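# Breakdown of the fold
Each chain, letter by letter, is given below.
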Amino acid sequence: GGVTGRRPLRGRVGAQLQICDFTPYDQHPLTLAAQQQRRSSGVGGLLAVSAAEGVHEGLAVLNAEHIQQPFGPPVLQLDSCWRSLLQDARRSGTQAALCVDMKRRSSAACNIQCTVPGNNPALPPWVVMTPKSAWWTCTAERAGGIGVWLALLRRCAQQTPERSVIFTANSGHELGHLGLQHFLKRQAAEFTAAAAGWLHLGANFAACGGRVRLQASRQSNLQAALDALSGQGVATQDLTEPAQRPLGEARNIHDLGGSYVSILGSNPWFHMPTDRWPESVDTDKVTAICRALCNFMQAQLQP
């Protein structure tokens, strides 16, 4: 959003300085309402309080989806512990000062990419992608995707598949998927749609106490992934149907008309500094998911 500069913005809490709730999930109703409030005229500054819905109490920040085109008033994201104080301040008409100042600077980040050539280079390849960055230490958020990505790479290197497999681990997930955008720009548009399929290893499916969600562009692929997971005793609590725009990086492939299968989930520590090993990671669950997806991909890599 916007900035105040070094001179703070002064006003009454609840009037010039408005309050909203948000969650780290960008499609949650509270988050959508907060984004709409950002677009409203007459908002001087916004005090956004973590609603602690679907996550623990604390500060669960929101991704910077609009990092390349910031808009709206200055917004300060706050820990849920400040909710009562701000509510009291709004009722009493307390005057306050908001200072949001920053400097943008360029910095280098990297994707990791490699290709395992298949026995038949004429066959369309599969792409296995995972984000490798997020807020804070992001242990359960990213551990599942990176772990399965490495396991699949090892499997393909040991047992040459019929199809080639392109592996990409991308930075900038929390900044509007910048790393994946860079990867896609380097590929021809035809490649995205012509690939045999994309496996998106998304966020949180390694988390203790989290749910597992599957997404796919085709019902047949969705069912094949469901069967592979259930064969390893993994319950899938949530589905994104093929007609729906998916969550996470899979949406980029969906928007380009590509075929994809995507796994992600929920995480009680999502986007929080407390998402740390060993409390947040369910190693038994992610090991079972790893076996299931290795089996799933083995079948998909055949002609």
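Higher on the page you've got the structure.
All of these numbers come straight from a predicted model, not from anything done at the bench. (Residues numbered from 1 in each chain as written. Predicted model: local features only at pLDDT ≥ 70, side-chain atom pairs only at ≥ 80, totals over all residues. Heavy atoms only, no water.)

### Some remarks on helix α2 (residues 83–92)
Basically, it comes down to this: Between buried and exposed lies partly exposed: a residue is buried under 20% and exposed over 50% of the maximum accessible area for its type, with that area taken using a 1.4 Å probe on protein chains only. Only DSSP runs of H or I with at least four residues qualify as helices, and only runs of E with at least two residues qualify as strands; both kinds are numbered from the N terminus onward. As used here, the arc belongs to the directions running from the helix axis to the C-beta atoms. When checking whether two residues touch, look at their non-hydrogen atoms; a contact exists if any pair is within 4.5 Å.
Three or more residues of α2 are buried, namely R83, L86 and A89. Projected onto a plane normal to the axis of α2, the buried residues spread over an arc of 130° and lie on a single side. Exposed residues on α2 whose side chains face more than 90 degrees from its buried face are R91 and S92. Buried-residue contacts for α2 involve β2 (17–22), β3 (45–50) and β4 (75–78). Positive phi shows up at G93, right after α2, with a value of about 70°.

### Considerations on the packing of helix α3 (residues 139–158) against helix α8 (residues 283–300)
What counts, and what does not: Axes here mean lines fitted to C-alpha atoms, for a helix over just the part in contact, with angles spanning 0 to 180 degrees between N-to-C directions. Roughly parallel refers to an angle under 35 degrees, roughly antiparallel to one over 145, roughly perpendicular to one between 65 and 115, and oblique to any angle outside these ranges. In this scheme, a crossing is called left-handed if the near helix is turned counterclockwise away from the far one by less than a right angle; it is called right-handed if the turn is clockwise. Here the term charged refers only to Asp, Glu, Lys and Arg, the term nonpolar to Ala, Val, Leu, Ile, Met, Phe, Trp, Tyr, Cys and Pro, and the term polar to all other amino acids, Gly among them.
Running from N to C, α3 and α8 point in directions that differ by 45°, and their axes come no closer than 10 Å. The orientation of α3 with respect to α8, classified from their angle, is oblique. For the crossing formed where α3 meets α8, the hand is right-handed. In contact with G144, V148, A151, L152 and R155 of α3, α8 contributes V286, C290, L293, C294, M297 and Q298. When its residues are assigned to classes, the contact of α3 with α8 shows 8 nonpolar, 2 polar and 1 charged.

### A short note on the environment of L201
Relative to the helices and strands, L201 resides in strand β9 (residues 197–201). For L201, a relative accessible area of 0% puts it in the buried group. Separated by 38 residues in the primary sequence, L201 and R163 have C-alpha atoms spaced 19 Å apart. Contact partners of L201, with chain neighbours within four places excluded, come to V128, M129, T130, P131, G145, V148, W149, L152, I263 and L293.

### Quick notes on the pattern of salt bridges
Here is the rule we go by: For this analysis, a salt bridge means a side-chain nitrogen from Lys or Arg found within 4 Å of a carboxyl oxygen belonging to Asp or Glu.
Scanning the entire structure with this criterion turns up 8 salt bridges. D21 is the partner of R83 in a salt bridge, and the nearest nitrogen-oxygen pair spans 4.0 Å. One end of the pair, R83, is in helix α2; the other, D21, is in strand β2, with 62 residues separating them in the sequence. Overall, the relative accessible area of 31% leaves D21 in the partly exposed class. Two residues, R211 and D238, come together in a salt bridge whose shortest N-O distance is 2.8 Å.

### Regarding the layout of surface pockets
Applicable threshold: A pocket here means an open set of points on a 1 Å grid, computed over the protein atoms alone, that has protein on both sides within 12 Å along at least five of seven lines. A cavity is instead a set of points where a 1.4 Å probe fits but cannot get out; residues with an atom within 4 Å of a point line either one. Grid points are joined across faces, edges and corners, and a volume is the space filled by probe spheres set on the points.
By volume, the largest pocket amounts to about 1400 Å³. The wall of the largest pocket is formed by 49 residues, among which A64, I67, W135, E174 and L175 lie closest to the centre. Elements represented by at least two residues in the lining of the largest pocket include exactly β2, α1 (29–39), β4 and α4 (178–186). Across the lining of the largest pocket, the residue classes tally to 25 nonpolar, 17 polar and 7 charged. Of the pockets and cavities examined, the second largest pocket occupies roughly 820 Å³. Taken together, 35 residues line the second largest pocket, and the ones lying closest to its centre are Y25, D26, Q27, L247 and G248. Every element with two or more residues in the lining of the second largest pocket is listed here: α1, β11 (238–240) and β12 (260–265). Among the elements that make up the lining of the second largest pocket, the one with the highest residue count is α1 (3 residues). Classifying every residue of the lining of the second largest pocket by side-chain character gives 9 nonpolar, 16 polar and 10 charged.

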